[in-house]
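Examination of the molecular architecture
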Amino acid sequence: MSRLLLMRHAKSDRSDEEIDDFDRPLSGRGLEAAPHMARHMAALGLTPQRILCSTAQRARETLALMLPFFDADAEIRTTRDLYLAGEDATIDQIRGHGGSAATLLVIGHEPGLTETALTLIGAGNPSLIEDLEAKFPTAGLAVIDFPAIRWVDVEPKTGKLVAFLR
């Protein structure tokens, strides 16, 4: 089984309108939410072997706050290709850089994460899918399981949504 963890970056600070969107840091709420989610993930055994992260400031800060709760051997790849990426670009990143990781974490942005999740999900608890469709909140996490396949072979509608953590 392969497990995909799709996570939206934690809440960003929009108070300074002079800062470019790409360079926006986390807000106070985001600074608390990222390690809280990572602690929860670790308690549930949802720790990744490989992490793909957008290079936007808020995504990198989210990742930095989460790392102390993950295995020190996790491979990390940051890429601008995940910044505001749609589902096609995000799935391309998963296929191209998922490697042999049994659990892959992708930290990205909306609306691309919702689109990616809904494209990949073919089964799962209908109420969880409905919640995901309604809103993928900051620091939210979709857990999608796939049959024992390689990431390069991930296809639409082959995943099962097993959890949606907010």
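Residues numbered from 1 in each chain as written. Predicted model: local features only at pLDDT ≥ 70, side-chain atom pairs only at ≥ 80, totals over all residues. Heavy atoms only, no water.

**Quick look at the layout of surface pockets**
The rolling of a water-molecule-sized probe over the atoms marks out the regions of remaining empty space. Its boundaries defined by the atoms lining it, the largest pocket holds a volume of some 200 Å³. Considering the residues around the largest pocket, the lining is formed by 15 residues, among which R8, H9, S12, R14 and T138 are closest to the centre. Of the residues that constitute the lining of the largest pocket, the class distribution is two nonpolar, four polar and nine charged. (1 Å grid on protein atoms, 1.4 Å probe; cavity = no way out; pocket = protein on both sides within 12 Å on 5 of 7 lines; lining within 4 Å. Points joined across faces, edges and corners; volume = space filled by probe spheres on them. Nonpolar A, V, L, I, M, F, W, Y, C, P; charged D, E, K, R; others polar.)

**Concerning the pattern of salt bridges**
Any two side chains of opposite charge can pair if their charged atoms end up close together. Following the criterion strictly, the structure yields seven salt bridges and no others. For R3, the salt bridge goes to D145, with nearest N and O atoms at 2.6 Å. You can see R3 sitting in strand β1 (residues 2-8) and its partner D145 sitting in strand β6 (residues 141-146), a full 142 residues away along the chain. It is possible to trace a salt-bridge network through shared partners that takes in D21, R24 and R58. (Salt bridge = Lys/Arg side-chain N within 4 Å of Asp/Glu carboxyl O. Helix = DSSP H or I, 4+ residues; strand = E, 2+ residues; numbered from the N terminus.)

**A word on the nonpolar core**
Across soluble globular proteins, nonpolar side chains have a tendency to be buried as a group. Membership of the largest hydrophobic core comes to 24 residues, with the highest contact counts inside it found for L4 and L6. Secondary-structure elements contributing two or more residues to this core are β1, α3 (87-97), β4 (103-108), α4 (112-120), α5 (126-134), β6 and β7 (159-165). When sequence neighbours within four positions are dropped, the list of residues in contact with L6 reads I94, V106, L113, T116, A117, F136, G140, L141, A142 and I144. Counting residues in each nonpolar core, the second largest holds 23 residues, with M41, I51, L63 and M66 among its members. (Core = buried A, V, L, I, M, F, W, Y, C linked by side-chain atoms within 4.5 Å. Buried < 20%, exposed > 50% of the residue type's maximum accessible area, 1.4 Å probe, protein only. Contact = heavy atoms within 4.5 Å.)

**Side note on empty space enclosed by the protein**
Considering all chains together, one arrives at one cavity of 30 Å³ or more under this definition. Computed from the structure, the largest cavity encloses a volume of approximately 40 Å³. Every residue along the wall of the largest cavity is listed here: L82, L84, A85, T90, G108, H109 and L113. Here the lining of the largest cavity is built from residues that sort into four nonpolar, three polar and no charged.

**Topic: the packing of α4 against α5**
For the pair α4 and α5, interaxial distance at closest approach is 9 Å and the crossing angle is 150°. When the axes of α4 and α5 are compared, the pair comes out roughly antiparallel. The two elements α4 and α5 cross, and the hand of that crossing is left-handed. Where α4 approaches α5, its residues T114, A117 and L118 are matched on the opposing element by I129, L132 and E133. (Axes fitted to C-alpha atoms, helices over the stretch in contact; angles between N-to-C directions. Parallel < 35°, antiparallel > 145°, perpendicular 65-115°, else oblique. Left-handed = near helix turned anticlockwise from the far one by under 90°.)

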